[in-house]
Amino acid sequence: MRPTNESGIDDCRLFDFSKISDPRGNLTVIEPGQPIPFAIERVYWIYDVPGGEHRDARACRTTHECFVSLSGALDVTLDDGTRQRVVTLNRSFCGLYVPPMIWRRMENFSTNAVCLVLASTSYSENDYVRDIKTFRRDKFSTL
Ligand code: TYD
């Protein structure tokens, strides 16, 4: 795996999970291995976001994450310190993989949006970078 500081926008990948279509409703399953390129250690989800609200931007130092919009839609703005990209998530069989040291902001949540986040580590505040200046400094300090 590449050093976390070398992660770039192009490493943030969208992929489709398998979708089992059924007249009774669709089903998607995530199991260890492909296509998520990390072992899942933690799962959390964000919901009941008031209209027009956003989640504060941040980066993770070591945590790999995968975002899935289970309901509704949201935008994830990604920034690798050099380039930016906005990804709209609105399909519950579609995942957005984000490696460590990518600045990201979740915004433009639709009504009733539910965003599932799969993470490679247990929660630690020490793994978070919540200040953009610190992110830019640390992103490029060891390259
Ligand atoms: P926060 O990291 O601000 O959420 P976001 O994903 O939008 O950046 O987390 C909000 C609060 O929830 C904060 O007090 C930390 C806590 N929290 C946990 O206890 N465990 C977790 O896995 C996460 C993601 C957050």
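For the structure, see preceding data.
Residues numbered from 1 in each chain as written. Predicted model: local features only at pLDDT ≥ 70, side-chain atom pairs only at ≥ 80, totals over all residues. Heavy atoms only, no water.

Colleague: Hey, could you go over empty space enclosed by the protein for me, with residue numbers and the actual values?
Modeller: It is the rolling of a water-molecule-sized probe over the atoms that shows where space remains empty. This structure, assessed with the given rule, holds one cavity of 30 Å³ or more. Its boundaries defined by the atoms lining it, the largest cavity holds a volume of some 40 Å³. Residue lining of the largest cavity: Ala59, Cys60, Thr63, Glu65, Val98, Pro99, Pro100, Met101, Ile102 and Arg104, and that is the complete set. (1 Å grid on protein atoms, 1.4 Å probe; cavity = no way out; pocket = protein on both sides within 12 Å on 5 of 7 lines; lining within 4 Å. Points joined across faces, edges and corners; volume = space filled by probe spheres on them.)

Colleague: Run through the site of the ligand, naming residues and quoting values.
Modeller: Inspection of the region around the ligand gives Arg42, Tyr44, Arg55, Arg58, Tyr123, Tyr128 and Arg130 as its neighbouring residues. Between an oxygen atom of the ligand and a side-chain N or O atom of arginine 42, the distance comes to 2.6 Å. At 2.7 Å, a side-chain N or O of arginine 55 approaches an oxygen atom of the ligand. Relative to its unbound accessible surface of 520 Å², the ligand loses 61% to contact with the protein. (Near = heavy atom within 4 Å. Polar contact = N/O pair within 3.5 Å; in protein donor to acceptor, adjacent residues only side chain to side chain. Areas by Shrake-Rupley, 256 points an atom, 1.4 Å probe, with all protein chains shown as cover.)

Colleague: Please provide a residue-by-residue account of the sheet that holds strand β12 (residues 128–129), values included.
Modeller: The strand order across the open sheet formed by five strands is β8-β7-β10-β5-β12, and the pairing between neighbours is antiparallel. What marks the edges here is a single partner per strand, and that holds for β8 (84–89) and β12. Examined bridge by bridge, strand β5 (residues 55–60) and β12 share two bridges and lie antiparallel to one another. Looking across to β12, one finds that alanine 59 is bridged to valine 129. (Pairing = 2+ DSSP bridges. Helix = DSSP H or I, 4+ residues; strand = E, 2+ residues; numbered from the N terminus.)

Colleague: Describe the side chain of threonine 63, with residues and values.
Modeller: Locating threonine 63 in the fold gives a position in the loop between β5 and β6 (65–71). Accessibility expressed as a relative area gives 1% for threonine 63, which makes it buried. A polar side-chain atom of threonine 63 sits 2.6 Å from a polar atom in the side chain of threonine 121. Filtering out sequence-adjacent residues up to four positions away, threonine 63 remains in contact with Arg42, Val98, Pro99, Pro100, Ala119, Ser120, Thr121 and Asp127. (Buried < 20%, exposed > 50% of the residue type's maximum accessible area, 1.4 Å probe, protein only. Contact = heavy atoms within 4.5 Å.)

So yeah, pure geometry; function would need other evidence.
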